[in-house]
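Chain and residue survey
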Amino acid sequence: MSMRRVAVVGAGMTRFVRRAMETPKELAWHASRMALDSCGLTLNDVGGVCIGSAPDAFDGVHMKGEYLSDGSGAWGKPVMRSYVGGGTGVFLGPHGWYHVASGLFDVVLVVAEEKMSSFYPHAQAAFLTIFDHTTERPLEPNLLWIFALEMNRYMQTYGISKRDIAQVAVKNKRNAADHPCAMLGEANITVEDVLNSEVLAWPVQRLDVSPVSDGAVAIVMAAEGVAERITDRPVWVQGVGWNLDTAYWTNRDLAYPEYVERAARMAYEMAGVREPRKEIHVVEPYDPFDYKELHHLEGLLLADRGKAPELTAQGVTARNGAMPVCPSGGLLGVGNPITAAGLMKVAELFWQLRGEAGARQVPGTPERGLAQAWGDLMQVGTVTILGTQRPS
Amino acid sequence: MPLDPTLHADDLRAWYGSMPVTSRYTVGPAGERFFRAMKDAARILGTRCGRCNLTYVPGRLFCERCFDELTDWTEVGPSGTIEAVTVVHLDLDGALLEPPVLMALVRLDGADTVLYHRLSGVDVADAKIGLRVEAAFRRLEDRTGSILDISHFRPAG
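For clarity, every value in this text was computed on a predicted model and none was experimentally measured.

Some thoughts on the layout of surface pockets
Counted as a void, the largest pocket has a volume near 1000 Å³. Lining the largest pocket are 46 residues, with Met 116, Gln 124, Phe 127, Leu 143 and Ile 338 of chain A positioned closest to its centre. Elements represented by at least two residues in the lining of the largest pocket include exactly α2 (56–59), α5 (143–158) and β10 (368–375) of chain A. The residue makeup of the lining of the largest pocket, split by class, is 31 nonpolar, nine polar and six charged. The volume enclosed by the second largest pocket comes to roughly 850 Å³. If you go around the second largest pocket, you meet 32 residues; those closest to its centre are Lys 25 and Tyr 67 of chain A together with Val 27, Phe 35 and Pro 58 of chain B. Elements with a minimum of two residues in the lining of the second largest pocket: α1 (24–38) of chain A together with α1 (28–41) and β6 (115–119) of chain B. A breakdown of the residues in the lining of the second largest pocket according to their chemical character gives 18 nonpolar, seven polar and seven charged.

A few points about a nonpolar patch on the surface
Residue and element names in this part refer to chain B. Together, Leu 105, Val 114 and Tyr 116 make up a nonpolar patch on the protein surface, roughly 260 Å² of accessible area in all. Residue position: Val 114 is located in the loop between β5 (96–108) and β6. On the accessibility criterion, Val 114 (31% relative accessible area) is partly exposed.

Quick look at the sheet that holds strand β3 (residues 79–82) of chain A
Residue and element names in this part refer to chain A. Strand order in this open sheet of nine strands is β3-β2-β4-β7-β1-β8-β11-β10-β9, and the pairing throughout is mixed. Every interior strand has two partners, whereas the edge strands, β3 and β9 (282–284), have only one. Going across the sheet, the axis of each strand differs from the next one's by a mean of 25 degrees, ignoring polarity. Of the pairings in the sheet, the one linking β10 to strand β11 (residues 380–387) comprises eight bridges and is antiparallel in character. Bridge pairing in β11 links Ala 371 to Thr 384.

So, how was this worked out
- Residues numbered from 1 in each chain as written.
- Chains lettered and ligands numbered in written order.
- Predicted model: local features only at pLDDT ≥ 70, side-chain atom pairs only at ≥ 80, totals over all residues.
- Heavy atoms only, no water.
- 1 Å grid on protein atoms, 1.4 Å probe; cavity = no way out; pocket = protein on both sides within 12 Å on 5 of 7 lines; lining within 4 Å.
- Points joined across faces, edges and corners; volume = space filled by probe spheres on them.
- Helix = DSSP H or I, 4+ residues; strand = E, 2+ residues; numbered from the N terminus.
- Nonpolar A, V, L, I, M, F, W, Y, C, P; charged D, E, K, R; others polar.
- Patch = residues over 30% accessible without salt bridge, like charges linked within 9 Å, V, L, I, M, F, W, Y side chains within 5 Å.
- Areas by Shrake-Rupley, 256 points an atom, 1.4 Å probe, with all protein chains shown as cover.
- Salt bridge = Lys/Arg side-chain N within 4 Å of Asp/Glu carboxyl O.
- Buried < 20%, exposed > 50% of the residue type's maximum accessible area, 1.4 Å probe, protein only.
- Pairing = 2+ DSSP bridges.
- Axes fitted to C-alpha atoms, helices over the stretch in contact; angles between N-to-C directions.

Structural data, given as structure tokens:
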């Protein structure tokens, strides 16, 4: 490909919290400022701005990209907002990569923000109007219900138990106990806690789900030749991929996320990854529900179909395991301000690959990581692969 | 034929729906200070960016141009100058407004940004760019910490 190589050179994030006093643009500013400070840049160094944000309804501002622009450093600059539902945070990988790889910009600031607490009384109500107004809305579905259908389908197809799945929530919430920005870190949580939590829509229980959250994350991306002057440890974008399944969510394979596999294959091909289970050293798959981490590991070809629970039980996906999965604590532990949570996963790879993840640092010297998110009406897969080696 | 217009919506299987949204907004740390000063003391506060030589009103937490945190609070107004004005004759539903409503952009003295607000107590013919105006505050007991604590702007003096 005749595009320029692109690196991540800085990252910053706010704490993820239940009800932030700060306005959405103030949250964006905190994260953006931190990201710039982390690599010693100012707004003068930034050529363009990439903003990602999920439904306008969350923050209660129709035209959220424009609303967030000043807090994202976009005054007087070319700015573009992308939105593919929950997949947006990781879609910012390809979004920012395009801006720089194309040659249009040497340095871009990439910002994700969500303030879900604005939606009153609960952010779930924002999702009532994402469904088809003719065939579905009269039945008043919400996301928890449709994911309960998917989780049950996944469990029955492969004979997976609730206990198998609860291990993921335990792992991620324990991992999050080491994250300074986390809202649900629980060092001593057990599988029994998850299995005894309130039933929301069977088989989904309270601790199977990530929380409603407010927060922002930003990263700085730079072109080859520029990145190396900003930092001696640029983390390179090695591959990006995204893919959309049918708009009829009811007609999808609920046991296996085909769209994630297609997005992953696109990214693996670009990154030159032939054996992902050997070549991906740290994974941040999207885990808004505990079963989704398993589902997504399978779609990413990092586990056989129906076998991801075994990897979890064997400790393979633990932070000190052979293939650490969600060492950040994920959405289940750190929190889930939708788009910010996705970009948090990309930022986590940046910190892990530079050895800067502190108490969360995975052992060894990981050279390549993968972040993945999922969204729209459970039909979009987005993938970003980062690595310490500059792509050839 | 596809896309033939129908003038009889009631003959179709059509219905009314809504996209209900209720939001609870916060004003943020800078907004807390701005609106508290307006509510408690009928004072209008801005924040100053020394680097960019700009005073933002309402006071903001950060400068959008240089990204500095803004901590230098300063009082502006309550008088200012009309920068733009319009005479609104129809409301959002198309009903006639009688009398018409004046909406204006006001640059308060000491500010580099403008406020969008109502203009009252002036003949339409006199509502022109450059007119000197002042904020008319609601009474203390009626103020809630809202931009409507200024009920409108009126000619100064």
